[in-house]
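Overview (structure and organization)
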Amino acid sequence: MDVTMVVPAAGVGDRMGRNIPKQFVKLGDEDKPDRTPLELLVAAYQEANEVGHLIVVCSDEYREQTEEIVSPYAKVDKIVRGGATRHESLFRGIEAVDTTIVGIHDAARPILFKPALEASFKRMQDGARAISTVVHPYATMLVCEENGPVEGALERWAVAHTVSPAFYYTEDLLTALQESEKRGIEFRDEPAMMKGIFPDFEIQTVEGHRSSFKLTFPEDFDLLASFRRQMADGEF
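Residues numbered from 1 in each chain as written. Predicted model: local features only at pLDDT ≥ 70, side-chain atom pairs only at ≥ 80, totals over all residues. Heavy atoms only, no water.

Some points on the overall build of the protein
Within the protein, the regular secondary structure consists of seven helices and nine strands. If one aligns the C-alpha atoms of the protein with their principal axes, the spans along those axes are about 50 × 40 × 35 Å. Considering the protein as a whole, with its 236 residues, one finds that 47% of them fall into the buried category. Put simply, of all contacts in the protein between residues at least 6 apart along the chain, 67% involve residues at least 24 apart. (Helix = DSSP H or I, 4+ residues; strand = E, 2+ residues; numbered from the N terminus. Buried < 20%, exposed > 50% of the residue type's maximum accessible area, 1.4 Å probe, protein only. Contact = heavy atoms within 4.5 Å.)

Brief notes about the sheet that holds strand β3 (residues 76-81)
Taken together, the seven strands give an open sheet; going across it, the order is β3-β2-β1-β4-β8-β5-β9, and neighbouring strands pair in mixed fashion. Looking at strand neighbours, the two that pair on one side only are β3 and β9 (204-207), the edges of this open sheet. Pairs of neighbouring strands in the sheet enclose a mean axial angle of 20 degrees, with direction left out of account. Judged from the four bridges that link them, strand β5 (residues 130-135) and β9 form a sheet pairing that is parallel. When the bridges of β9 are listed, Ile 131 appears paired with Gln 204. In the packing of helix α5 (residues 170-183) onto the sheet, contacts are made with β4 (101-104) and β8 (161-169), and the angle to β8 comes to roughly 110 degrees. (Pairing = 2+ DSSP bridges. Axes fitted to C-alpha atoms, helices over the stretch in contact; angles between N-to-C directions.)

Regarding the environment of Gly 148
Summarising the element assignment, Gly 148 is placed in the loop between β6 (141-143) and β7 (152-154). Taking C-alpha positions, Gly 148 is 48 Å from Asp 2, a pair spaced 146 residues apart along the chain.

Digging into the nonpolar core
In terms of nonpolar packing, the biggest core is built from 34 residues, with Leu 38 and Tyr 45 touching the most fellow members. Within the residue set of this core, elements represented by two or more residues are β1 (3-8), α1 (37-46), β2 (53-58), α2 (63-70), β3, α4 (114-125) and β8. The element best represented in this core is α1, accounting for five residues. When near neighbours in sequence (up to four residues on either side) are disregarded, Leu 38 contacts Val 7, Ala 9, Gln 23, Phe 24, Val 56, Thr 66, Ile 69 and Ala 107. (Core = buried A, V, L, I, M, F, W, Y, C linked by side-chain atoms within 4.5 Å.)

Structure follows, in structure tokens:
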């Protein structure tokens, strides 16, 4: 099963409060001080047998830096110019895919949880049409608006955070992106888009890990460092 992983890396990350996008922040590793979250992720997929090709989507402003980061990694087939929105960037990335199955892993989620990748790959081999990696919450989820009253509660097992990676048949995802654009609707993520465009479309799930969190705030780099130490110690 030949799979291409699309890595959206064109985001700006305003909430991070840095003068460069979070995927290009130098992590200061002892062995390689200029290693970035983007390289951390690409290097992980370079070693993953389940994925044969990588496409990185980046902005024009950071194309040269992206080329420098990914040049040591043979699986990176293409670097694609990103768009003004994540939707547009993803669309361009998917259009560049040559394989029947495509994965998506945001560069802002630089840790690859290998058990989720392996489980997703097996489920796609067994006939699944789409797989979303999820992490269930650890506390009760309340239904309420910001600063508003509690309207209800949701069972933890009934809701989940969507994380990376996700897998689709390329033609399914491309059709949904085209339909979304035709309707003038931009969804936050691919599962929401697929279910919004095709309500009966089945997306299966595999359980991920909390290390698949999204870099969003400055303190998240400390959390990333902690998870990387745990990985090095074989804790997950």
